Protein chains: 2
Amino acid sequence: MRIVIVGLGVIGGGYAMALKEAGYDEVYGIDKNIDTLKKAKALGIIKEGYEDEKEIIKYADLIVLAVYPNLVKNFIINNKDNFKDGAIITDVTGIKQLFINEIINILPENIDFVFAHPMAGREKKGIDYATNQVFKGANFLITVTDKNKDENLDLIENLAYKMGFKNVKRICPKYHDEMIAFTSQLPHALAVALINSDIEGRNTGEFIGDSYRDLTRIANINESLWSQLFLGNKENLLQAIYNFEKELDKIKSCVENEDKETLQELFIKSSLRREKL
Amino acid sequence: MRIVIVGLGVIGGGYAMALKEAGYDEVYGIDKNIDTLKKAKALGIIKEGYEDEKEIIKYADLIVLAVYPNLVKNFIINNKDNFKDGAIITDVTGIKQLFINEIINILPENIDFVFAHPMAGREKKGIDYATNQVFKGANFLITVTDKNKDENLDLIENLAYKMGFKNVKRICPKYHDEMIAFTSQLPHALAVALINSDIEGRNTGEFIGDSYRDLTRIANINESLWSQLFLGNKENLLQAIYNFEKELDKIKSCVENEDKETLQELFIKSSLRREKL
C-alpha cells in the first residue's frame, strides 16, 4: 500500500513515524516547506518528498490529509481528477461537520473518504516537534458516513491500532463534534481564560504548584489552527461553555453564601467522576 | 533538633520522608490514627509515634502542623502551656489570613510560629499516598509576620531547601492568599466545574485526549480540606473567579461573533504567558 501524507507537521510527521515503526515502507510526503521534506527524508520516515502534490497523488492508495481544517475541502476540489481509482482518503481534523457533507457531495464516486480524528497532539507545531509517542494509548475516532465501505473503515481502524492508538471508536459526525466541544475545545478555552485572567506584572511563577502548571499547559496554543476549530464548531462549543458556566456558578454561590455542605457535594461528585474516568 | 510532625497524612508523611532523606533522625509523629503511626514507624520515617500530643510536644524544638486549616488555632490553644521554651512552630496550610492574626495574639511570647505553605500535594489523602518526591523542584512560601525572628525564618527556609524545594519565597499573608486564590484555588474550581458540566450518561472517556485528562486531574479533590480552603479565602477566590469569567466571556464573544482576529490575539497572549512561565 502506497501512503501519501499531506502536511508533515506535528501530526503528519507523527503519522509518518508511526507508520515507519509499524513497518510501512511506501510512505511519501507532501509539504509546502522544502526543509520539512528534507528533514523527513533524512529521518527515514518518508521515501520521497514532494512540494507539488500532483506528482504523487495519482499513485496513492491511501492519502492522509494532515492539514488545517480549512484546507481539507480545497484539497479535494483541486485533486478530484487526480486520484487513483479506489483510493482511500483520511484526515486528522478535530472537527467534522464543518466540511463533511460538502466533501461527500464533491468526492468522486470511486474514492472513499474515511474521516478520522487521532486524539493526540502537542502544543508546538512543525516536524521538529512531531513524535508518534503521543499516539500510544490514545483514543482514535472515526466519523462514519453512509458512503464509507466497511472494508475501508476496517483498514483505517487497523492502521490506527498498528500506529499505537489504544481505543478506536466509530461514531457519527454530529456526536463527534458535540463531544469534542466538551472534551477538547472547552478545556482549551478554560486554559486560555485562566492564564489570561492573571493580573499583569505579578511574579506568578513563584506561586504555582502542579495544578496551575497542568491547567495552563494547553494555553500555549496554535492560534491559526484553534481559531478554526473553535469557529468551525461554534454552536457545540458555546453550549459546552454555557454548561460549564452553570457549574462554575454553583461553586461561586457556595463560596458567596458560605454553603460548605453543597460545596462538598460538588467536590464529591467531581471526585467520583474523575475516578471513573 | 527534635522535630514533631502533627498529622502524618499525605503532606505530614511526605515531610517525614523528606526529613529522613535529608538526614534528620530525631523526627516524631502525632496522629489520631494508630495504624498511621505504626506504618510511619515501620517505614522508618519517625522515631516514635504518639496519639496523645501532650506526651511529646513539650520536648519539641520544631513542631510541624500538617493538619486541616480549622485545626491550627485549636492546636495552639490546647498546647499553649505545653511548648518547650524557644520552640518553633510551622504549618503547611494553603491559606493564611484565616488564622494568622488570631494565632499571633494567643501565641506565648517565647514561641515563634513561622507560617509556611509547601506548594505540592496530591489528590489522594493519607500516609499511603505520602511521598517526598512531590516536593522536589516545587515552590515553598513563607508568610512572614513582624513577630518572626530572622534566625527562625532562615531555619525554615533552609529546611525547605534540604527537603528538596527549589524556590523559597517570603511574602506577606495578604499577598499570599491573593496569589493562591488565583494559582491554586481557581484551577481547582475550574477542574471541578469542568467535569461536573459533563452530561450524565455519556461515554466521555472514549473521547478524551491529554487536555481533558490534565484539566480534570485535580477534580479528584479532598472535599473536607478544600471546602475549608475555599471558604477561608472567600473574597480573594471570588475575585479570581470574576477575573476568569471576564476572560472566558471574551472568548465566548469571539465565538458568538465569529471574530477570528480577536480570538487569535487571545491565543497569542495566552501562549506568550505560558511560555514565560
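Residues numbered from 1 in each chain as written. Chains lettered and ligands numbered in written order. Predicted model: local features only at pLDDT ≥ 70, side-chain atom pairs only at ≥ 80, totals over all residues. Heavy atoms only, no water.

## Comments concerning the UniProt feature "domain: Prephenate/arogenate dehydrogenase" (unreviewed entry) in chain A
Those residues carrying the UniProt feature "domain: Prephenate/arogenate dehydrogenase" (unreviewed entry) are residues 1–277 of chain A in this numbering. Measuring from the first to the last C-alpha atom of residues 1–277 of chain A gives 37 Å, for a span that is 49% helix and 13% strand. (UniProt positions renumbered as here; feature names shortened; annotations may be inferred. Helix = DSSP H or I, 4+ residues; strand = E, 2+ residues; numbered from the N terminus.)

## Examining the interface of chain A and chain B
Taken together, the 85 residues of chain A in the interface contact 85 residues of chain B. For the chain A and chain B pair, buried surface summed over both sides reaches about 8600 Å², with 64% attributable to carbon and sulfur atoms. For the pair chain A and chain B, the interface holds twelve salt bridges. In this structure, Lys169(A) engages Glu206(B) in a salt bridge whose closest nitrogen and oxygen atoms are separated by 3.1 Å. At the boundary of chain A with chain B, the tally comes to 48 residue pairs in polar contact (both at pLDDT 80 or more). At the level of elements, β7 (139–143), β8 (167–171), α7 (173–196), α8 (210–216), α9 (223–231), α10 (234–256) and α11 (260–276) of chain A are the ones that each hand at least two residues to the side of chain A that touches chain B. In terms of residues, the side of chain A that touches chain B owes the most to one element, α7(A), which gives 18 residues. Taken together, the residues of the side of chain A that touches chain B sort by class into 41 nonpolar, 21 polar and 23 charged. (Contact = heavy atoms within 4.5 Å. Buried area = accessible area lost by both parts, 1.4 Å probe. Salt bridge = Lys/Arg side-chain N within 4 Å of Asp/Glu carboxyl O. Polar contact = N/O pair within 3.5 Å; in protein donor to acceptor, adjacent residues only side chain to side chain. Nonpolar A, V, L, I, M, F, W, Y, C, P; charged D, E, K, R; others polar.)

## Considering the sheet that holds strand β4 (residues 62–65) of chain B
All names here are of chain B. One open sheet accounts for eight strands, arranged β3-β2-β1-β4-β5-β6-β7-β8; its pairing is mixed. One side of each edge strand has no neighbouring strand; the edge strands of this open sheet are β3 (48–50) and β8 (167–171). Neighbour-to-neighbour, the strand axes of this sheet turn through a mean angle of 25 degrees, independent of strand direction. (Pairing = 2+ DSSP bridges. Axes fitted to C-alpha atoms, helices over the stretch in contact; angles between N-to-C directions.)

## Details of the environment of Asn196(A)
Its place among the elements puts Asn196(A) in helix α7. The spatial distance from the C-alpha of Asn196(A) to the C-alpha of Ala219(A) is 8.9 Å, given a sequence separation of 23 residues. Not counting residues up to four positions away in its chain, the partners in contact with Asn196(A) are Glu247(B), Leu266(B), Lys269(B), Ser270(B) and Arg273(B).

## As for the pattern of salt bridges
Per the stated rule, a full pass over the model turns up 42 salt bridges over all chains. For Lys39(B), the salt bridge identified is with Asp128(B), shortest N-O distance 2.7 Å. On the criterion of sequence distance, the pair formed by Lys39(B) in helix α2 (residues 34–42) and Asp128(B) in the loop between β6 (112–118) and β7 (139–143) is long-range, its members being 89 residues apart. Under the relative-accessibility criterion, Lys39(B) is labelled partly exposed at 34%. Where Lys84(B) meets Asp61(B), a salt bridge forms, and the shortest distance between an N and an O atom there is 2.6 Å. Placement of Lys84(B) in the loop between α4 (69–79) and β5 (88–91) and of Asp61(B) in the loop between α3 (54–57) and β4 is noted, with a sequence separation of 23 residues between them. Here the salt bridges do not stand alone but share partners, grouping Lys174(A), Glu178(A), Asp198(B) and Arg202(B) into one network. (Buried < 20%, exposed > 50% of the residue type's maximum accessible area, 1.4 Å probe, protein only.)

## Things to note about the sheet that holds β8(A)
Either a parallel or an antiparallel arrangement is found when strands of a sheet pair, and the pairing is made through backbone hydrogen bonds. All names here are of chain A. The mixed open sheet is built from eight strands, whose spatial order is β3-β2-β1-β4-β5-β6-β7-β8. What marks the edges here is a single partner per strand, and that holds for β3 (48–50) and β8. On average, each strand axis in the sheet is tilted by 25 degrees relative to the strand beside it, whichever way the strands run. Pairing of strand β1 (residues 3–6) with strand β4 (residues 62–65), which is carried by four bridges, proceeds in the parallel orientation.

## A short note on the pairing of β7(B)
Residue and element names in this part refer to chain B. Counted residue by residue, β7 has five buried out of five residues, so it is predominantly covered. Burial along β7 is two-sided: the residues Asn139, Leu141 and Thr143 and Phe140 and Ile142 are all buried. Inspection of the sheet shows β6 paired to β7 by four bridges, in the antiparallel sense. Residue pairing for β7: Pro118 is matched across the bridge by Phe140. Pairing analysis gives five bridges linking β7 to β8, with the strands arranged parallel. What sits directly across from Leu141, in β8, is Lys169.

## Some points on empty space enclosed by the protein
In this approach, a probe sized like a water molecule rolls over the atoms, and the result shows the empty space that is left. Residue and element names in this part refer to chain A. Counting across every chain of the model gives two cavities of 30 Å³ or more. By volume, the largest cavity amounts to about 40 Å³. Taken together, Tyr15, Leu62, Val64, Thr90, Phe140, Ile156, Leu159, Ala160 and Met163 form the lining of the largest cavity. Those elements that provide at least two residues to the lining of the largest cavity are β4 and α6 (150–162). Top element by residues in the lining of the largest cavity is α6. It accounts for three residues. (1 Å grid on protein atoms, 1.4 Å probe; cavity = no way out; pocket = protein on both sides within 12 Å on 5 of 7 lines; lining within 4 Å. Points joined across faces, edges and corners; volume = space filled by probe spheres on them.)

## Digging into the relation of the copies chain A and chain B
Taken as rigid bodies, chain A and chain B are interconverted by a rotation of 180 degrees and an axial shift of 0.0 Å, the fit giving an RMSD of 0.0 Å. These values place the two chain copies in the arrangement generated by a two-fold rotation axis. The rotation axis passes nearest to the C-alpha of Leu215(A) in chain A, at a distance of 2.6 Å. Mapped onto chain B, 100% of the interface residues of chain A again fall at the interface, so both copies present the same surface. (Least-squares fit on C-alpha atoms with pLDDT ≥ 70 in both.)

## A closer look at helix α7 (residues 173–196) of chain B
Residues and elements named next belong to chain B. Here α7 contains 24 residues, and its C-alpha end-to-end distance of 32 Å stays within 8% of the 34 Å for a straight helix at 1.5 Å per residue. If you look at α7, its biggest bend is around 45 degrees, right at Ala181. Most of α7 is tucked away, with 21 of its 24 residues classed as buried. (Expected span 1.5 Å × (residues − 1). Bend = angle between axes of the 7 residues up to and from the residue.)

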